[in-house]
Amino acid sequence: QVQLVESGGGVVQDGGSLTLSCAASGRAFDAYVMGWFRQAPGKEREFVAASRNKDIAYEDSVQGRFTISRDNAKNTVYLQMHSLRSDDTAVYYCAGNLLRVSRVAEDYDYWGQGTQVIVSA
């Protein structure tokens, strides 16, 4: 069983930057695919980024603006977000699975509680 706790959300101005963190409990963190999803009000949860070792994927709209990274020694995955826009406003969720880097939320078994990101004009 893995427990995930996100932090780092907040309010940032349009064009600004923010880094989210997700701390995981449990062992063998490096074996897990770790991903980030987001859900805006009135919209479905959508994929943002995921990684395991050198296998990394990004959603098209964040490619080049967001970077997923992880510190396996600290059991933590990060999402660095730059050039933030109003349409990045959402609750951001950290997720994990043992199978594969996937853009599908149903492939992830473990979820954090979410952290709110608001990008203001």
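In the block above lies the structure referred to throughout.
This section reports on the structure supplied with the text. (Residues numbered from 1 in each chain as written. Predicted model: local features only at pLDDT ≥ 70, side-chain atom pairs only at ≥ 80, totals over all residues. Heavy atoms only, no water.)

## As for the packing of aromatic side chains
As a reminder of what qualifies: Aromatic rings from Phe, Tyr and Trp, with only the six-membered ring used for Trp, were paired whenever their centres fell within 6.5 Å, and each pair was classed as stacked if the ring planes differed by under 30 degrees, edge-to-face if by over 60, and tilted otherwise. Strands here are runs of E lasting at least two residues and helices are runs of H or I lasting at least four, both read from the DSSP assignment and numbered beginning at the N terminus. Throughout this description, buried means an accessible area under 20% of the type-specific maximum (1.4 Å probe, protein chains only), exposed means over 50%, and partly exposed covers the range between.
A full pass over the atoms with the stated rule returns six aromatic pairs. Geometrically, the ring pair formed by phenylalanine 37 and tryptophan 111 is tilted, given 5.2 Å between the ring centres and 55° between the ring planes. In this pair, phenylalanine 37 sits in strand 4 (residues 33-39) while tryptophan 111 sits in strand 10 (residues 110-111), placing the two residues 74 residues apart along the sequence. Judged by its relative accessible area of 28%, tryptophan 111 is partly exposed. With a centroid separation of 6.3 Å and an interplanar angle of 65°, the aromatic rings of tyrosine 108 and tryptophan 111 are classed as edge-to-face. Owing to a relative accessible area of 4%, tyrosine 108 belongs among the buried residues under this scheme.

## Brief notes about the environment of tyrosine 92
The criterion, for reference: Pairs of N or O atoms are called polar contacts if they sit within 3.5 Å, as long as, within protein, a hydrogen donor faces a hydrogen acceptor (for residues adjacent in sequence, only side-chain-to-side-chain pairs).
Position of tyrosine 92 among the secondary structure elements: in strand 9 (residues 90-97). Sequence separation between tyrosine 92 and methionine 81 is 11 residues; the distance between their C-alpha atoms is 12 Å. Within the structure, tyrosine 92 has its side chain in polar contact with the backbone oxygen of aspartate 88 (distance 2.6 Å).

## Quick notes on the pairing of strand 1 (residues 4-7)
The line we're drawing: Two strands pair if DSSP finds at least two bridges between them.
Alternating positions in strand 1 separate cleanly, Leu4 and Glu6 being buried on one face and Val5 and Ser7 remaining unburied on the opposite face. Of the strand pairs in this sheet, strand 1 and strand 3 (residues 18-24) are connected by four bridges, and their pairing is antiparallel. Counted as the bridge partner of serine 7 is serine 21 from strand 3.

## Notes on the sheet that holds strand 7 (residues 66-71)
Spelled out, the test is: Only the stretch in contact is used when a helix axis is fitted, and all axes are lines through C-alpha atoms; the angle between N-to-C directions ranges over 0 to 180 degrees.
Spatially, the four strands line up as an open sheet ordered 1-3-8-7, and their pairing is antiparallel. For this open sheet the edge positions go to strand 1 and strand 7, each flanked by a neighbour on one side alone. Strand-to-strand twist across the sheet, computed as the mean angle between neighbouring axes with direction ignored, equals 15°.

## Side note on the nonpolar core
As a reminder, the rule being used: Grouping buried Ala, Val, Leu, Ile, Met, Phe, Trp, Tyr and Cys residues that are joined through side-chain atoms within 4.5 Å yields what is termed a nonpolar core.
The biggest cluster of nonpolar side chains holds 28 residues, and the ones touching the most others in it are Trp36, Leu79, Met81 and Tyr92. Elements with a contribution of two residues or more to this core: strand 3, strand 4, strand 5 (46-52), strand 7, strand 8 (76-81), strand 9 and strand 11 (115-120). Broken down by element, this core gets its largest block of residues, four residues, from strand 3. Counting residues in hydrophobic clusters, the runner-up holds nine residues, among them Val33, Phe37, Phe47 and Val101.

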